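What follows is the residue order along each chain.
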Amino acid sequence: MTLRKKTLLKVIILGDSGVGKTSLMQQFVNNKFLHQYKATIGADFLTKEITVDNKVVTLQIWDTAGQERFQSLGVAFYRGADCCVLCYDVTNEKSLNNLTSWKDEFLVQSNVANPQDFPFIIIGNKIDIEESRKIPSLSKKLNNITNQGFGGLNYPVFETSAKDSINVEAAFEVIAKMALQQE
Ligand code: GDP
Ligand code: MG
């Protein structure tokens, strides 16, 4: 029997309150969707083991507990992050405009060694509510924001539905791959 080295990757999910961060994590880890998640006190994480590129990887996914609305999240939340998921809601324009602030906040708080190379991905959630969509798929606006606001860097963008489980696993797989390439 060969012993395989286990890799633990810390994944942080950021974005405005209500975009579906907790729902994405719950769908990915527990395959469930609830209409309401109770905010608990303090930061929390869930883990899930996946295999990428023949490597077993444990994703430790850190979610906020609602405190993103009114206060900063604290150093422990950001410490040792291997990658960061920036989430917006495709029915909420403001949540997209706020992504650059979330990215800046992450870089300030986490103090990562190489901000230019740090793996970020962007998730546009709630694509199942087609009738309320405000951000067209891969729109010019989105490209402008990702290019200017993110310093000319192009981060992968995934459109998801935590409710209908569309693209959620695919997004986390890419996150894991990007983080592994940093090792
Ligand atoms: P958070 O504050 O970013 O953690 O957002 P939540 O995960 O608590 O979700 C906020 C609300 O949006 C809840 O009522 C969820 O049920 C709903 N929600 C989350 N993801 C989706 C989605 O993909 N589609 C739809 N239709 N609703 C969603
Ligand atoms: Mg939440």
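Residues numbered from 1 in each chain as written. Chains lettered and ligands numbered in written order. Predicted model: local features only at pLDDT ≥ 70, side-chain atom pairs only at ≥ 80, totals over all residues. Heavy atoms only, no water.

Chemist: What am I meant to see in the pattern of salt bridges here?
Modeler: Where charged atoms of side chains with opposite charge meet at close range, the side chains can pair. Taken as a whole and judged by the stated rule, the model has 4 salt bridges. Close ionic contact of K177 with D53 constitutes a salt bridge, the shortest N to O distance being 3.9 Å. One end of the pair, K177, is in helix α6 (residues 168-182); the other, D53, is in the loop between β2 (44-52) and β3 (55-63), and 124 residues separate them in sequence. Accessibility expressed as a relative area gives 57% for D53, which makes it exposed. (Salt bridge = Lys/Arg side-chain N within 4 Å of Asp/Glu carboxyl O. Helix = DSSP H or I, 4+ residues; strand = E, 2+ residues; numbered from the N terminus. Buried < 20%, exposed > 50% of the residue type's maximum accessible area, 1.4 Å probe, protein only.)

Chemist: Would you mind going over the nonpolar core with me for this structure?
Modeler: Nonpolar side chains in soluble globular proteins tend to end up buried together. One finds F28, L59, I61, V85, I121, I123 and F172 to be the most contacted residues of the largest nonpolar core, which totals 28 residues. Those elements that place two or more of their residues in this core are β1 (7-15), α1 (21-30), β2, β3, β4 (83-89), β5 (120-125) and α6. Per-element tally for this core: the top contributor is α6, with 8 residues. In contact with V85, other than residues within four places in its own chain, are V11, I12, I13, L14, I121, I123 and I175. Core analysis: the second largest hydrophobic core is formed by 22 residues, I12, L14, W62 and I122 among them. (Core = buried A, V, L, I, M, F, W, Y, C linked by side-chain atoms within 4.5 Å. Contact = heavy atoms within 4.5 Å.)

Chemist: Even after reading the chapter, I still don't get the site of ligand 1, so can you show me in this structure?
Modeler: Among the 19 residues in the neighbourhood of ligand 1, the closest are listed as G18, K21, S23, H35 and D128. G18 places a main-chain nitrogen or oxygen 2.7 Å from an oxygen atom of ligand 1. K163 is positioned with one of its backbone polar atoms (N or O) 3.2 Å from an oxygen atom of ligand 1. In terms of residue class, the shell around ligand 1 is made up of 5 nonpolar, 8 polar and 6 charged. (Near = heavy atom within 4 Å. Polar contact = N/O pair within 3.5 Å; in protein donor to acceptor, adjacent residues only side chain to side chain. Nonpolar A, V, L, I, M, F, W, Y, C, P; charged D, E, K, R; others polar.)

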